[in-house]
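Observations on the three-dimensional arrangement
Here is what each chain is made of, one letter per residue.
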Amino acid sequence: MDTTDLECNHLISPDYKNFILSILIIFGILLSYLPQHIRIINLKSSFGISPYFVLLGTTSGTSALANVVTQQQSLHDVTCCKNVNGLACFGGLLGIFQVGTQWLCFVTILLLFVTYFPRATSPISPTESESSVRDGPTYRTALVVSGICILHALVMFIITVALAVNRPSQLQAWSNFSGVIAAILASIQYFPQIYTTLKLRCVGSLSIPMMCIQTPGSLVWAGSLAARLGPKGWSTWGVLIVTACLQGTLLVLAIFFEYFGPNKQRNHRHGKDLPPNDTGEGTEEGDHEQPSEETPLLQGQ
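These numbers come from a predicted model, not from an experiment.

**Here's the deal with the overall build of the protein chain**
Summing up its helical and strand segments, the protein chain has 12 helices and 0 strands in all. For the protein chain, the sequential pattern of α-helices and β-strands runs α-α-α-α-α-α-α-α-α-α-α-α. Within the protein chain, buried positions represent 48% of all 301 residues. In the protein chain, the share of contacts with a sequence separation of at least 24, taken over all contacts with a separation of at least 6, comes to 80%. Split by element, the accessible area of the protein chain, about 15,500 Å² in all, is 66% carbon and sulfur.

**Here's the deal with helix α9 (residues 171-200)**
Counted at 1.5 Å a residue, the expected span for α9 with its 30 residues is 44 Å, and the 43 Å between its end C-alpha atoms agrees. Residue Arg 201 follows α9 closely and has a positive phi angle near 60 degrees.

**Observations regarding the UniProt feature "transmembrane region" (unreviewed entry) in the protein chain**
Residues given the UniProt feature "transmembrane region" (unreviewed entry) here are residues 19-35, 47-70, 90-117, 138-165, 171-191, 203-222 and 234-260. Overall, residues 19-35 shows 100% helix and 0% strand. The separation of its end C-alpha atoms is 26 Å. For residues 47-70, the helix share is 79%, the strand share is 0%, and the end-to-end C-alpha distance is 36 Å.

**Quick look at unusual backbone geometry**
For Lys 44, which is not glycine, the phi dihedral falls at a positive 55 degrees. Note on placement: Lys 44 falls in the loop between α3 (16-43) and α4 (51-69). Among the residues examined, Lys 44 registers a relative accessible area of 59% and is labelled exposed. Located in the positive-phi region is Arg 201, a residue other than glycine, with phi close to 60 degrees. Turning to its location among the elements, Arg 201 is positioned in the loop between α9 and α10 (208-229). For Arg 201, a relative accessible area of 37% gives the class partly exposed.

**Quick notes on the side chain of Thr 160**
Following the sequence through the fold, Thr 160 ends up in helix α8 (residues 139-166). Looking at Thr 160, its side chain comes within polar contact range of the main-chain oxygen of Met 156, at 2.8 Å. Beyond its immediate chain neighbours, meaning those up to four positions away, Thr 160 contacts Ala 66, Thr 70, Leu 171 and Trp 174.

**Observations concerning the environment of Gln 170**
Topologically, Gln 170 is positioned in the loop between α8 and α9. Judged by relative accessible area, Gln 170 falls into the partly exposed class, the value being 39%. Along the backbone, Gln 170 and Thr 70 are 100 residues apart, and their C-alpha atoms lie at a distance of 9.5 Å.

**Quick look at the packing of α3 against α10**
Contact geometry for α3 and α10: axes closest at 9 Å, N-to-C directions at 155 degrees. It follows that α3 is roughly antiparallel to α10 by the angle criterion. Crossing of α3 against α10: the hand is left-handed. From α3, Asn 18, Leu 21, Ser 22, Ile 25, Gly 28, Ile 29, Leu 31, Ser 32, Tyr 33, Pro 35 and Gln 36 reach across to α10, where they touch Pro 209, Met 210, Ile 213, Gln 214, Val 220, Trp 221, Ser 224 and Arg 228. Residue composition of the contact of α3 with α10, grouped by class: 11 nonpolar, 7 polar and 1 charged.

**Observations regarding the state of the cysteines**
One pass over the full model with this rule turns up 1 disulfide. A disulfide bridge connects Cys 81 with Cys 89, and the sulfur atoms are separated by 1.9 Å. Since a negative S-S torsion denotes a left-handed disulfide, the Cys 81-Cys 89 link at about 90 degrees is right-handed. Looking at Cys 89, the relative accessible area reads 15%, which means it is buried.

**Focus on the confidence of the model for the protein chain**
This prediction gives the protein chain a mean pLDDT of 79; 77% of its residues lie at or above 70. Within the model, the stretch residues 121-133 combines pLDDT values under 50 with 41 contacts to residues more than four positions away or in other chains.

Conventions and cut-offs
In this convention, every chain numbers its residues from 1, walking through the sequence in written order. Two thresholds apply to this predicted model, a pLDDT of at least 70 for residue-level local features and 80 or more for giving and counting side-chain atom pairs, whereas whole-chain, interface and lining totals are computed over all residues. Values reported for side chains reflect all heavy atoms of the structure, with hydrogen atoms and water molecules removed beforehand. Put simply, DSSP marks the helices as runs of H or I at least four residues long and the strands as runs of E at least two long, and each gets a number from the N terminus on. Per-residue accessibility, obtained with a 1.4 Å probe over protein chains only, is compared with the maximum for each type, and a residue is labelled buried under 20%, exposed over 50%, and partly exposed between these values. It only takes one pair of heavy atoms within 4.5 Å for two residues to be counted as in contact. Method for areas: the Shrake-Rupley scheme with a 1.4 Å probe, in which residue coverage is limited to the protein chains shown. Multiply 1.5 Å by the residue count of a helix minus one, and that product is the helix's expected span. UniProt positions are given in the numbering used here, feature names are shortened, and annotations may be inferred rather than shown by experiment. Distance and chemistry together define a polar contact, namely a pair of N or O atoms within 3.5 Å, with one atom able to donate a hydrogen and the other to accept it when in protein, and with adjacent residues in sequence counting only for side-chain atoms on both sides. For every element, the axis is a line fit to its C-alpha atoms; helices are fit only across the contacting stretch, and the angle between N-to-C directions ranges from 0 to 180 degrees. Any angle that is under 35 degrees is reported as roughly parallel, and any over 145 degrees as roughly antiparallel; angles of 65 to 115 degrees are reported as roughly perpendicular and all others as oblique. Should the near helix be turned anticlockwise from the far one by less than a right angle, the crossing is termed left-handed; should it be turned clockwise, right-handed. The classification used treats Ala, Val, Leu, Ile, Met, Phe, Trp, Tyr, Cys and Pro as nonpolar, Asp, Glu, Lys and Arg as charged, and all other residues, Gly among them, as polar. A pair of sulfur atoms, both from cysteines and within 2.5 Å, is called a disulfide here. Residue-level confidence of the predictor is what pLDDT reports, using numbers from 0 through 100.

Right, dumping it as structure tokens:
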């Protein structure tokens, strides 16, 4: 019993500064994603968000969750919950709660992305001409992305449970593998979105406040996890450092196009983003515009 108490001493006598910081990080994660959720709902469109960014972000989050759940330190803390009080157990599981919260928030983005995928006249923009359909993602692409994310989550869950039951000694290796996969996915996650933002030359449905919070917040979160998991948890907190650097690049581009770029004066009327080559003229009632097959539909919007 004394040995058990010694092994769980880090939970019985926790570092209260890191404990409070870990709780604040959970609330910070929730608050950081909230502007993105609200923006998509208010615009009623996920225009400007790359489906491949959503795909890589969701699968990366799922892999990161599998990584932290099967970490040797996490499993040890779960075991200690049998011998410590509820508050101490909660403190030991904060790392899992943090990654789980981030995963849940990104899954919410996936759901909103599919729900509000622009399908009025074009997959690129509600006001884009039909000729550009071939150049952008379709609603079918959005559905395929959702299916892959669900399938990936099921595979990760089944493998984790199977190893926990049959080969628990291999869980740390599986954790490291999941962490490496999460790092790779996170490393390339922002490239499709950076490309999409550069191509559209506008922010679209991306939330700048979300990125302003998350870019420095990811570095703080990485420091908290590094203090909790130590060097052996590099595959967990290393992902956050990579993500912060790439998200910072996207943030710089978003700020440039929103406030300093050539399309900074583009209007977002009725919650719909205008395409980059649209001057915003002719959208108000009474304005003159060239008649086309889509004219009644555009006027109805």
